[in-house]
Amino acid sequence: MKKAAIIFTGGTISMAIDENIKAAVPALAGKEILSYVKDITSIADIEIDDYISLPSPYITPEIMLILAKHVQTYIDRDDIAGIVITHGTDTLEETAYFLDLNLRTEKPIILVGAMRSVSELGYDGPSNIVAAVRTAISLDARNKGVLVVMNGDINAANEVMKTHTMSLDTFKSLEFGPLGIVDDNQVLFYRSSTHISTHIPTDKIEEKVYLIKVVAGMDGDLIEYYINKDAKGLVIEALGRGNVPPMMVPAIKKAIDAGIKIILVSRCPKGRVFDNYGYHGGSKNLRELGVIFGGNLSGQKARIKLMLALGYKNDYDYIKSVFEDEYYK
Ligand code: ASP
(Lines give C-alpha, C1' and ligand atoms only; values in the text may rest on other atoms or scores of the structure.)
Protein backbone atom coordinates (compact mmCIF):
# COMPACT_ATOMS: atom_id res chain seq x y z
CA MET A 1 0.00 0.00 0.00
CA LYS A 2 1.23 3.51 -0.83
CA LYS A 3 2.12 5.87 1.96
CA ALA A 4 0.99 9.51 2.24
CA ALA A 5 2.06 12.05 4.82
CA ILE A 6 -0.58 14.43 6.14
CA ILE A 7 0.92 17.61 7.56
CA PHE A 8 -1.66 19.42 9.70
CA THR A 9 -1.29 23.20 9.93
CA GLY A 10 -4.70 24.28 11.28
CA GLY A 11 -7.66 26.14 9.79
CA THR A 12 -11.38 25.41 10.02
CA ILE A 13 -10.75 21.75 9.22
CA SER A 14 -9.26 21.48 12.74
CA MET A 15 -11.68 23.85 14.49
CA ALA A 16 -14.74 23.37 16.69
CA ILE A 17 -17.24 25.90 17.99
CA ASP A 18 -16.43 27.07 21.51
CA GLU A 19 -19.82 27.21 23.26
CA ASN A 20 -18.75 30.14 25.46
CA ILE A 21 -17.97 32.47 22.61
CA LYS A 22 -20.17 30.79 19.98
CA ALA A 23 -17.43 30.86 17.36
CA ALA A 24 -14.91 28.44 15.86
CA VAL A 25 -11.43 28.08 17.38
CA PRO A 26 -8.59 25.55 16.87
CA ALA A 27 -9.48 22.30 18.63
CA LEU A 28 -8.64 19.04 16.84
CA ALA A 29 -5.31 17.29 16.32
CA GLY A 30 -4.64 15.21 13.21
CA LYS A 31 -5.68 11.92 14.77
CA GLU A 32 -9.04 13.34 15.86
CA ILE A 33 -9.72 14.78 12.39
CA LEU A 34 -8.91 11.42 10.80
CA SER A 35 -11.26 9.66 13.24
CA TYR A 36 -14.11 11.25 11.22
CA VAL A 37 -12.77 9.71 8.02
CA LYS A 38 -14.11 6.22 7.53
CA ASP A 39 -11.51 3.70 6.44
CA ILE A 40 -8.76 6.11 5.46
CA THR A 41 -6.26 3.32 6.14
CA SER A 42 -7.84 1.21 3.40
CA ILE A 43 -6.84 3.93 0.91
CA ALA A 44 -3.28 4.58 1.99
CA ASP A 45 -0.84 4.11 4.78
CA ILE A 46 -1.00 7.48 6.58
CA GLU A 47 1.73 9.26 8.48
CA ILE A 48 0.25 11.97 10.72
CA ASP A 49 2.30 15.10 11.28
CA ASP A 50 0.78 17.58 13.75
CA TYR A 51 3.02 20.37 12.55
CA ILE A 52 1.24 23.55 13.69
CA SER A 53 -2.34 24.52 14.48
CA LEU A 54 -2.98 28.04 13.28
CA PRO A 55 -5.91 29.89 11.76
CA SER A 56 -4.61 30.66 8.30
CA PRO A 57 -4.69 34.47 8.78
CA TYR A 58 -1.77 33.72 11.17
CA ILE A 59 0.27 32.05 8.41
CA THR A 60 3.01 34.40 7.23
CA PRO A 61 5.36 34.07 4.24
CA GLU A 62 8.08 33.32 6.83
CA ILE A 63 6.04 30.34 8.05
CA MET A 64 5.48 29.27 4.42
CA LEU A 65 9.24 29.22 3.91
CA ILE A 66 9.78 27.09 7.01
CA LEU A 67 6.92 24.82 5.90
CA ALA A 68 8.53 24.42 2.46
CA LYS A 69 11.72 23.16 4.11
CA HIS A 70 9.64 20.77 6.21
CA VAL A 71 7.78 19.46 3.15
CA GLN A 72 11.13 18.87 1.46
CA THR A 73 11.99 16.29 4.16
CA TYR A 74 8.98 14.23 2.99
CA ILE A 75 9.84 14.73 -0.68
CA ASP A 76 13.28 13.30 0.09
CA ARG A 77 11.85 10.12 1.63
CA ASP A 78 11.52 7.11 -0.68
CA ASP A 79 8.63 5.63 1.33
CA ILE A 80 6.36 8.68 0.82
CA ALA A 81 4.32 8.68 -2.41
CA GLY A 82 2.56 11.98 -1.85
CA ILE A 83 2.03 14.76 0.66
CA VAL A 84 -1.20 16.30 1.92
CA ILE A 85 -1.16 19.59 3.81
CA THR A 86 -4.26 20.69 5.71
CA HIS A 87 -4.55 24.48 5.87
CA GLY A 88 -7.03 27.23 6.66
CA THR A 89 -8.77 28.31 3.51
CA ASP A 90 -8.25 32.07 3.91
CA THR A 91 -4.59 32.04 2.84
CA LEU A 92 -4.47 28.53 1.38
CA GLU A 93 -3.93 29.76 -2.18
CA GLU A 94 -0.89 31.78 -1.07
CA THR A 95 0.78 28.88 0.71
CA ALA A 96 -0.03 26.57 -2.22
CA TYR A 97 1.52 28.98 -4.71
CA PHE A 98 4.54 29.59 -2.46
CA LEU A 99 5.25 25.85 -2.32
CA ASP A 100 4.60 25.51 -6.05
CA LEU A 101 7.26 28.11 -6.83
CA ASN A 102 9.78 27.00 -4.23
CA LEU A 103 9.69 23.19 -4.42
CA ARG A 104 10.40 20.90 -7.35
CA THR A 105 9.25 17.30 -7.23
CA GLU A 106 7.31 14.82 -9.28
CA LYS A 107 5.44 13.81 -6.10
CA PRO A 108 1.93 15.19 -5.65
CA ILE A 109 1.65 17.89 -2.98
CA ILE A 110 -1.97 18.58 -2.11
CA LEU A 111 -3.38 21.48 -0.08
CA VAL A 112 -6.76 20.83 1.53
CA GLY A 113 -9.06 22.51 4.04
CA ALA A 114 -12.68 22.75 5.09
CA MET A 115 -15.30 25.48 5.03
CA ARG A 116 -17.28 24.08 7.96
CA SER A 117 -15.89 23.12 11.35
CA VAL A 118 -16.54 19.81 13.05
CA SER A 119 -19.33 21.46 15.09
CA GLU A 120 -21.36 22.35 12.01
CA LEU A 121 -23.75 20.23 9.97
CA GLY A 122 -21.99 19.03 6.83
CA TYR A 123 -18.40 19.20 8.14
CA ASP A 124 -16.52 18.93 4.84
CA GLY A 125 -13.12 18.07 6.32
CA PRO A 126 -13.44 14.25 6.08
CA SER A 127 -14.57 14.12 2.43
CA ASN A 128 -11.96 16.69 1.42
CA ILE A 129 -9.19 14.74 3.17
CA VAL A 130 -10.18 11.50 1.48
CA ALA A 131 -10.14 13.21 -1.93
CA ALA A 132 -6.79 14.81 -1.13
CA VAL A 133 -5.22 11.51 -0.08
CA ARG A 134 -6.55 9.77 -3.19
CA THR A 135 -4.97 12.51 -5.29
CA ALA A 136 -1.71 12.39 -3.34
CA ILE A 137 -1.20 8.71 -4.18
CA SER A 138 -2.46 8.94 -7.77
CA LEU A 139 0.13 8.34 -10.50
CA ASP A 140 -1.83 10.75 -12.71
CA ALA A 141 -1.26 13.56 -10.21
CA ARG A 142 2.52 13.36 -10.48
CA ASN A 143 4.46 16.17 -12.13
CA LYS A 144 1.54 18.57 -11.91
CA GLY A 145 2.97 21.00 -9.37
CA VAL A 146 1.18 21.78 -6.13
CA LEU A 147 -2.57 21.06 -6.26
CA VAL A 148 -5.56 22.22 -4.23
CA VAL A 149 -8.28 19.62 -3.67
CA MET A 150 -11.59 20.86 -2.22
CA ASN A 151 -15.21 19.90 -2.79
CA GLY A 152 -14.25 17.26 -5.36
CA ASP A 153 -12.31 19.65 -7.62
CA ILE A 154 -8.59 19.50 -8.34
CA ASN A 155 -7.09 22.92 -9.06
CA ALA A 156 -3.56 24.04 -9.84
CA ALA A 157 -1.88 26.22 -7.21
CA ASN A 158 -0.97 28.82 -9.81
CA GLU A 159 -4.58 29.23 -10.93
CA VAL A 160 -6.81 28.73 -7.92
CA MET A 161 -8.53 31.38 -5.80
CA LYS A 162 -10.87 31.38 -2.81
CA THR A 163 -13.93 33.01 -4.37
CA HIS A 164 -16.69 32.71 -1.79
CA THR A 165 -16.66 33.45 1.94
CA MET A 166 -18.80 30.47 2.99
CA SER A 167 -19.66 28.16 0.08
CA LEU A 168 -18.10 24.67 0.14
CA ASP A 169 -17.49 25.21 -3.57
CA THR A 170 -15.29 28.24 -2.99
CA PHE A 171 -11.99 27.28 -4.67
CA LYS A 172 -12.09 28.10 -8.35
CA SER A 173 -9.72 28.43 -11.25
CA LEU A 174 -11.84 31.25 -12.59
CA GLU A 175 -10.31 31.56 -16.00
CA PHE A 176 -9.92 27.98 -17.19
CA GLY A 177 -11.76 25.73 -14.70
CA PRO A 178 -10.41 22.87 -12.58
CA LEU A 179 -7.72 20.48 -13.83
CA GLY A 180 -9.82 17.53 -12.80
CA ILE A 181 -12.08 15.98 -10.23
CA VAL A 182 -12.12 13.30 -7.59
CA ASP A 183 -15.22 11.23 -8.27
CA ASP A 184 -15.78 8.53 -5.67
CA ASN A 185 -12.53 6.58 -5.67
CA GLN A 186 -11.29 7.91 -9.02
CA VAL A 187 -8.91 10.79 -9.62
CA LEU A 188 -9.53 12.18 -13.09
CA PHE A 189 -7.65 14.90 -14.94
CA TYR A 190 -9.30 16.65 -17.89
CA ARG A 191 -6.61 19.14 -18.80
CA SER A 192 -3.07 20.12 -17.86
CA SER A 193 -2.14 23.28 -16.02
CA THR A 194 -1.81 26.50 -18.04
CA HIS A 195 1.90 26.42 -17.30
CA ILE A 196 4.38 25.00 -14.83
CA SER A 197 5.38 27.78 -12.48
CA THR A 198 8.90 29.10 -12.63
CA HIS A 199 11.09 27.42 -10.03
CA ILE A 200 12.50 29.90 -7.49
CA PRO A 201 14.85 27.78 -5.39
CA THR A 202 15.47 30.37 -2.70
CA ASP A 203 16.06 29.68 0.98
CA LYS A 204 15.14 33.23 1.94
CA ILE A 205 12.43 35.73 1.08
CA GLU A 206 12.28 39.51 0.88
CA GLU A 207 9.70 40.68 3.40
CA LYS A 208 9.50 44.31 2.33
CA VAL A 209 7.06 43.64 -0.48
CA TYR A 210 3.65 45.28 -0.44
CA LEU A 211 0.37 45.19 -2.32
CA ILE A 212 -1.69 48.19 -3.37
CA LYS A 213 -5.16 47.98 -4.86
CA VAL A 214 -5.97 50.81 -7.26
CA VAL A 215 -9.33 52.60 -7.03
CA ALA A 216 -10.89 55.42 -9.06
CA GLY A 217 -9.24 58.75 -8.32
CA MET A 218 -6.29 57.28 -6.40
CA ASP A 219 -3.13 59.35 -5.98
CA GLY A 220 0.48 58.39 -5.21
CA ASP A 221 0.35 58.80 -1.41
CA LEU A 222 0.37 55.07 -0.60
CA ILE A 223 3.30 54.50 -2.94
CA GLU A 224 5.17 57.41 -1.32
CA TYR A 225 4.47 55.76 2.04
CA TYR A 226 6.04 52.49 0.90
CA ILE A 227 9.03 54.29 -0.63
CA ASN A 228 9.60 55.85 2.81
CA LYS A 229 9.24 52.41 4.40
CA ASP A 230 12.20 51.25 2.29
CA ALA A 231 10.08 48.84 0.25
CA LYS A 232 12.00 46.52 -2.07
CA GLY A 233 9.00 45.45 -4.09
CA LEU A 234 5.47 46.64 -4.79
CA VAL A 235 2.59 44.86 -6.46
CA ILE A 236 0.03 47.21 -7.97
CA GLU A 237 -3.39 45.69 -8.57
CA ALA A 238 -4.31 48.08 -11.34
CA LEU A 239 -7.51 48.77 -13.24
CA GLY A 240 -8.54 46.66 -16.24
CA ARG A 241 -5.65 45.87 -18.61
CA GLY A 242 -3.15 47.45 -16.18
CA ASN A 243 -4.01 51.13 -16.03
CA VAL A 244 -3.82 53.62 -13.16
CA PRO A 245 -5.10 57.17 -12.58
CA PRO A 246 -2.54 59.73 -13.85
CA MET A 247 -2.06 61.12 -10.33
CA MET A 248 -0.24 57.88 -9.42
CA VAL A 249 2.35 58.07 -12.18
CA PRO A 250 4.92 60.43 -10.55
CA ALA A 251 5.09 58.21 -7.43
CA ILE A 252 5.45 55.06 -9.57
CA LYS A 253 8.33 56.70 -11.41
CA LYS A 254 9.93 57.77 -8.13
CA ALA A 255 9.64 54.21 -6.75
CA ILE A 256 11.28 52.73 -9.86
CA ASP A 257 14.08 55.32 -9.67
CA ALA A 258 14.57 54.24 -6.03
CA GLY A 259 15.18 50.66 -7.22
CA ILE A 260 11.82 49.27 -6.08
CA LYS A 261 10.62 46.48 -8.36
CA ILE A 262 7.01 47.09 -9.35
CA ILE A 263 4.77 44.29 -10.59
CA LEU A 264 1.56 45.28 -12.33
CA VAL A 265 -1.44 42.96 -12.19
CA SER A 266 -5.14 43.62 -12.61
CA ARG A 267 -7.87 43.90 -10.01
CA CYS A 268 -10.09 42.05 -12.51
CA PRO A 269 -10.32 38.41 -11.39
CA LYS A 270 -9.74 37.15 -14.96
CA GLY A 271 -7.40 38.09 -17.79
CA ARG A 272 -3.81 39.31 -18.01
CA VAL A 273 -2.43 42.83 -18.10
CA PHE A 274 -1.21 43.99 -21.49
CA ASP A 275 0.44 47.08 -22.94
CA ASN A 276 -2.26 48.34 -25.25
CA TYR A 277 -3.06 51.69 -23.60
CA GLY A 278 -0.66 54.53 -24.34
CA TYR A 279 -2.16 57.42 -22.35
CA HIS A 280 -0.47 58.81 -19.23
CA GLY A 281 -1.06 56.05 -16.63
CA GLY A 282 -2.00 53.50 -19.31
CA SER A 283 -0.39 50.05 -19.26
CA LYS A 284 2.02 50.79 -22.12
CA ASN A 285 3.10 54.06 -20.52
CA LEU A 286 3.76 52.24 -17.20
CA ARG A 287 5.72 49.47 -18.88
CA GLU A 288 7.93 52.05 -20.59
CA LEU A 289 8.66 53.51 -17.16
CA GLY A 290 9.96 50.09 -16.02
CA VAL A 291 6.94 48.47 -14.45
CA ILE A 292 6.99 44.65 -14.84
CA PHE A 293 3.87 42.82 -16.00
CA GLY A 294 2.46 40.02 -13.82
CA GLY A 295 0.22 38.30 -16.39
CA ASN A 296 -3.05 37.08 -14.92
CA LEU A 297 -1.77 36.53 -11.39
CA SER A 298 -3.90 37.84 -8.56
CA GLY A 299 -2.33 40.54 -6.41
CA GLN A 300 -1.84 38.18 -3.48
CA LYS A 301 -0.07 35.60 -5.65
CA ALA A 302 2.11 38.19 -7.38
CA ARG A 303 3.22 39.41 -3.93
CA ILE A 304 4.24 35.88 -2.88
CA LYS A 305 6.17 35.42 -6.11
CA LEU A 306 7.92 38.78 -5.75
CA MET A 307 8.94 37.96 -2.15
CA LEU A 308 10.52 34.71 -3.31
CA ALA A 309 12.11 36.19 -6.43
CA LEU A 310 13.62 39.16 -4.58
CA GLY A 311 14.86 36.81 -1.86
CA TYR A 312 16.63 34.81 -4.56
CA LYS A 313 18.07 37.69 -6.58
CA ASN A 314 17.27 41.40 -6.39
CA ASP A 315 18.04 42.12 -10.01
CA TYR A 316 15.68 43.87 -12.46
CA ASP A 317 16.31 41.56 -15.42
CA TYR A 318 15.88 38.44 -13.30
CA ILE A 319 12.63 39.70 -11.76
CA LYS A 320 11.31 40.72 -15.18
CA SER A 321 12.08 37.33 -16.69
CA VAL A 322 10.57 35.45 -13.75
CA PHE A 323 7.29 37.33 -14.20
CA GLU A 324 7.08 37.98 -17.90
CA ASP A 325 8.63 34.87 -19.51
CA GLU A 326 5.68 32.79 -18.28
CA TYR A 327 3.02 35.04 -19.80
CA TYR A 328 4.49 37.12 -22.65
CA LYS A 329 6.10 35.81 -25.81
N1 ASP B 1 -10.65 31.42 8.85
C2 ASP B 1 -10.34 30.06 8.51
C3 ASP B 1 -8.85 29.91 8.26
O4 ASP B 1 -8.41 30.23 7.20
C5 ASP B 1 -11.11 29.66 7.32
C6 ASP B 1 -10.97 28.21 6.92
O7 ASP B 1 -10.06 27.49 7.29
O8 ASP B 1 -11.85 27.77 6.15
O9 ASP B 1 -8.17 29.47 9.13
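Predicted model, so just to flag it, every value in this text is computed and none were measured.

Chemist: Whenever I open this one, the packing of aromatic side chains confuses me. Can you help?
Modeler: Note on aromatic pairs: each is described by the distance of the centres and the angle between the planes. A complete count under the given rule lists six aromatic pairs for this structure. With 5.8 Å between their ring centres and 90 degrees between their planes, Tyr36 and Tyr123 make a pair best called edge-to-face. Of this pair, Tyr36 sits in the loop between helix H1 (30–34) and strand E4 (45–50) while Tyr123 sits in the loop between strand E6 (109–112) and helix H4 (125–136), placing them 87 residues apart in sequence. For the pair Tyr312 and Tyr318, a centre-to-centre distance of 5.7 Å together with 55 degrees between the ring planes defines the contact as tilted. The class of Tyr318 is buried, set by a relative accessible area of 13%. Put simply, the rings of Tyr210, Tyr225 and Tyr226 pair up and form one aromatic cluster. Sitting over the face of the ring of Phe189, Lys144 holds its NZ or CZ atom 4.6 Å from the ring centroid.

Chemist: Explain the side chain of Asn128 to me, please; I cannot follow it from the model alone.
Modeler: Mapping Asn128 onto the fold places it in helix H4. Polar side-chain contacts of Asn128 include one of 2.9 Å to the backbone oxygen of Gly113. Excluding residues within four positions of it along the chain, Asn128 makes contact with Val112, Gly113, Ala114, Met150 and Asn151.

Chemist: Hey, could you run me through the sheet that holds strand E15 (residues 261–266) in this one?
Modeler: Backbone hydrogen bonds are what pair the strands of a sheet, in a parallel or an antiparallel way. Read from one edge to the other, the open sheet built from four strands follows the order E13-E14-E15-E16, with strand pairing classed as parallel. Looking along the sheet, the strands with just one partner apiece sit at the ends: strand E13 (209–213) and strand E16 (292–293).

Chemist: Help me understand the pairing of E13 in this model?
Modeler: The side chains of a regular strand alternate, residue by residue, between the two faces of the sheet. Pairing of E13 with strand E14 (residues 233–238), which is carried by five bridges, proceeds in the parallel orientation. Bridge assignment links Ile212 to a residue of E14, and that residue is Ile236. Handedness of the crossover joining E13 and E14 through helix H5 (residues 221–228) is recorded here as right-handed.

Chemist: Before we go on, may I ask you to explain H5 in this structure?
Modeler: An α-helical turn contains 3.6 residues, so a residue and the one three or four places further along point in the same direction. Residues of H5 that are buried: Ile223, Tyr226 and Ile227. Within H5, the buried residues cover an arc of 105 degrees as seen down the axis, which keeps them to one side. Those residues of H5 that are exposed and angled more than 90 degrees off the buried face are Asp221 and Asn228. Looking at the buried residues of H5, the elements they touch are E13, E14 and helix H6 (249–257).

Chemist: Looking at this model, I keep getting lost on the nonpolar core. Mind explaining?
Modeler: Note that soluble globular proteins tend to have their nonpolar side chains buried in a common cluster. Of all hydrophobic cores here, the largest spans 110 residues; its most connected members are Ile129, Ile223 and Ile252. Dropping the residues within four chain positions of it, Ile129 is found in contact with Ile6, Phe8, Ile13, Ile33, Leu34, Val37, Ile40, Thr86 and Val112.

Chemist: So what exactly am I meant to see when it comes to the site of the ligand here?
Modeler: Around the ligand, the surrounding shell consists of Gly11, Thr12, Met15, Pro55, Ser56, Pro57, Gly88, Thr89, Asp90 and Ala114. For the ligand, an oxygen atom lies 2.8 Å from a polar atom in the backbone of Thr12. In this structure, an oxygen atom belonging to the ligand sits 2.9 Å away from a main-chain N or O atom of Ala114. Protein coverage of the free-state accessible area of the ligand, which is 260 Å², stands at 86%. When grouped by side-chain class, the residues that make up the shell around the ligand number four nonpolar, five polar and one charged.

What counts, and where the lines are drawn
- Residues numbered from 1 in each chain as written.
- Predicted model: local features only at pLDDT ≥ 70, side-chain atom pairs only at ≥ 80, totals over all residues.
- Heavy atoms only, no water.
- Phe/Tyr/Trp six-rings, centres within 6.5 Å; stacked < 30°, edge-to-face > 60°.
- Helix = DSSP H or I, 4+ residues; strand = E, 2+ residues; numbered from the N terminus.
- Buried < 20%, exposed > 50% of the residue type's maximum accessible area, 1.4 Å probe, protein only.
- Lys NZ or Arg CZ within 6 Å of the ring centre and 35° of its normal.
- Polar contact = N/O pair within 3.5 Å; in protein donor to acceptor, adjacent residues only side chain to side chain.
- Contact = heavy atoms within 4.5 Å.
- Pairing = 2+ DSSP bridges.
- Right-handed = clockwise from strand over helix to strand, strands pointing away.
- Arc of directions from axis to C-beta.
- Core = buried A, V, L, I, M, F, W, Y, C linked by side-chain atoms within 4.5 Å.
- Near = heavy atom within 4 Å.
- Areas by Shrake-Rupley, 256 points an atom, 1.4 Å probe, with all protein chains shown as cover.
- Nonpolar A, V, L, I, M, F, W, Y, C, P; charged D, E, K, R; others polar.

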